[in-house]
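Structural description and commentary
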Amino acid sequence: MSKIKIAELFYSVQGEGRYMGVPSVFLRTFGCNFRCAGFGMPRGEQSREVEDIAEVVHMFNNYKELPLVSTGCDSYASWDPRFKNLSPMLTSEAIVDRIMEILPQDHWKEEHLVITGGEPLLGWQRAYPELLNHPKMSGLKEITFETNGTQSLTDEFRSYLHNWRKSNPEREITFSVSAKLPCSGEAWDDAIKPQTVCEYEWFGTAYLKFVIATEQDFADAECAIALYRKAGFKGHVYLMPVGGVESVYALNNKNVALLAMKHGLRYSDRLQVPLFKNEWGT
Ligand code: SF4
């Protein structure tokens, strides 16, 4: 029986991208190939907020107790090994039981499943088929993988996704690709992988979502968009304001919306920030 290390599993409203406003189960897997310590920092500098939290990690028993950060990756505990004890390794059976507990009707209705991270397309691809094949998951019609767009799909998982969708015409697969620009602190060549993202389009709908704080970020996004288009990417592009906490989000959400309008791109909010203050489990 396969297991997945689960950082968080909760029910909320999708706050970003194509499914904004849709009631959703979020399955946050543990592990990421990036750190994104540059978010919210002056160019070239790295956030150290998590270092202070990690020093007192013994004080926290679960995700809900963890402090929020205003710089760096806002889901730091879902990949930082210093917080790994907060993320249990669960069997598919245990994950499905928990999903049934948090779904309001004990079964799938209009809800959508978001498999997020961390980076959910790292090694866990091998475990998703068993989870999705569980009889209690048969009513699920829509899945989004929230990915940083750097991980190719394995041959086995490609074929599984193809069959999952084919078995029911109502089923939809979405890849919400939050490609990391230099403001994240990650290197361009590691983060911008146009060919990989084009491949996602073979198995479902893919769109790009860029986190924007400054004019420079938008200039970087334009360069990246040109590369994705050149590689054949056909999906929509969203601009989304930086801001894991309300004070930062409120500084630039309107500007990012105006920028998106000016350039004929889509705006994605972060509804979890104004609605729930981006607390863990929302
Ligand atoms: S890719 Fe996402 S989860 Fe990974 S470090 Fe960056 S923001 Fe955090």
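Described below are features of the structure shown in this document. (Residues numbered from 1 in each chain as written. Predicted model: local features only at pLDDT ≥ 70, side-chain atom pairs only at ≥ 80, totals over all residues. Heavy atoms only, no water.)

Moving on to the overall build of the chain. Within the chain one finds nine helices and nine strands. In summary, the chain has a C-alpha radius of gyration of 18 Å against a globular reference of 19 Å for 282 residues, a match within 12%. Relative to its 282 residues, the chain shows a buried fraction of 55%. On the chain, roughly 12800 Å² of surface is accessible, and the fraction owed to carbon and sulfur atoms is 52%. (Helix = DSSP H or I, 4+ residues; strand = E, 2+ residues; numbered from the N terminus. Rg over C-alpha atoms; globule rule 2.2 N^0.38 Å. Buried < 20%, exposed > 50% of the residue type's maximum accessible area, 1.4 Å probe, protein only. Areas by Shrake-Rupley, 256 points an atom, 1.4 Å probe, with all protein chains shown as cover.)

It is worth spelling out unusual backbone geometry at this point. Between glycine 117 and glycine 118 the backbone carries a cis peptide bond, its omega angle lying at 15°. Here glycine 118 lies in the loop between β4 (112-116) and α3 (128-133). Phi is positive for cysteine 36, close to 50°, though the residue is something other than glycine. The topology assignment puts cysteine 36 in the loop between β2 (23-29) and α1 (49-55). Phi angles above zero are rare outside glycine, and aspartate 106 is one such case at about 65°. Counting through the fold element by element, aspartate 106 comes out in the loop between α2 (92-102) and β4.

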